[in-house]
Amino acid sequence: MAACTFFGHRDCIGLCRQRLEEAIEDLIRNHDVDLFYVGNEGQFDALVHWVLFAVKKKYPHIRYAVVLAYPPKNIPGKDYSDTMLPEGIEAVHPRYAITWRNRWMLQRADYVITYVTHSWGGAARFAEEAGLQNKKIINLARKKDGRS
């Protein structure tokens, strides 16, 4: 079995939920991916979380976790059942926690789904790092013909 993680710009204007869902389902059906890690820092991560929640109903054998960079605040009524705090992050200075968490997710992934439209920022940085680590990358910002 294999794992996938996600990196995308905080704002993901133009990303179609259906395209994301199709990419995730392709990994499940054709590449034996059954474990997904996603962050919780912006619009892209929120969309991925929502799609994973929906896809799990269709494929109940998959597992996913929203990987936190900081301990959760206790908000009454908030469901944290699909979140996790990776072991070791408690020793990381808060300024570096997101970067540490992203490396933690990348280290465990075979596939990386990205939404990268420009070459700067954390999403672009980790997409590049994924390439350097020979991870299989699916950039949803690219059109089907390979162009941005």
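Check the entry above for the structure.
Since this is a predicted model, take the numbers as computed values, not measurements. (Residues numbered from 1 in each chain as written. Predicted model: local features only at pLDDT ≥ 70, side-chain atom pairs only at ≥ 80, totals over all residues. Heavy atoms only, no water.)

Draft legend 1. Molecular detail of the pairing of strand E2 (residues 33–38). With six of six residues buried, E2 lies mostly within the body of the structure. As paired elements, strand E1 (residues 2–8) and E2 share four bridges and run parallel to each other. Among the inter-strand pairings, Thr5 is bridged to a residue of E2, identified as Tyr37. Read as a crossover between parallel neighbours, the route from E2 over helix H2 (residues 43–58) to strand E3 (residues 63–67) is right-handed. (Buried < 20%, exposed > 50% of the residue type's maximum accessible area, 1.4 Å probe, protein only. Helix = DSSP H or I, 4+ residues; strand = E, 2+ residues; numbered from the N terminus. Pairing = 2+ DSSP bridges. Right-handed = clockwise from strand over helix to strand, strands pointing away.)

Draft legend 2. Highlighting the packing of helix H3 (residues 97–108) against helix H4 (residues 122–132). The geometry of H3 relative to H4 is characterised by a closest axis approach of 11 Å and an angle of 30° between their N-to-C directions. On the basis of their axis angle, the class for H3 and H4 is roughly parallel. With respect to the hand of their crossing, H3 and H4 are arranged in right-handed fashion. Between H3, through Thr99, Asn102, Arg103 and Leu106, and H4, the contact on the second element is made entirely by Arg125, Phe126, Glu129 and Ala130. A breakdown of the residues in the contact of H3 with H4 according to their chemical character gives three nonpolar, two polar and three charged. (Axes fitted to C-alpha atoms, helices over the stretch in contact; angles between N-to-C directions. Parallel < 35°, antiparallel > 145°, perpendicular 65-115°, else oblique. Left-handed = near helix turned anticlockwise from the far one by under 90°. Contact = heavy atoms within 4.5 Å. Nonpolar A, V, L, I, M, F, W, Y, C, P; charged D, E, K, R; others polar.)

Draft legend 3. Representation of unusual backbone geometry within the structure. Of note in this structure, Asp32 is not a glycine but carries a positive phi near 55°. Mapped onto the fold, Asp32 is located in the loop between helix H1 (17–31) and E2. Located in the positive-phi region is Asn134, a residue other than glycine, with phi close to 60°. For Asn134, a relative accessible area of 68% corresponds to the exposed category.

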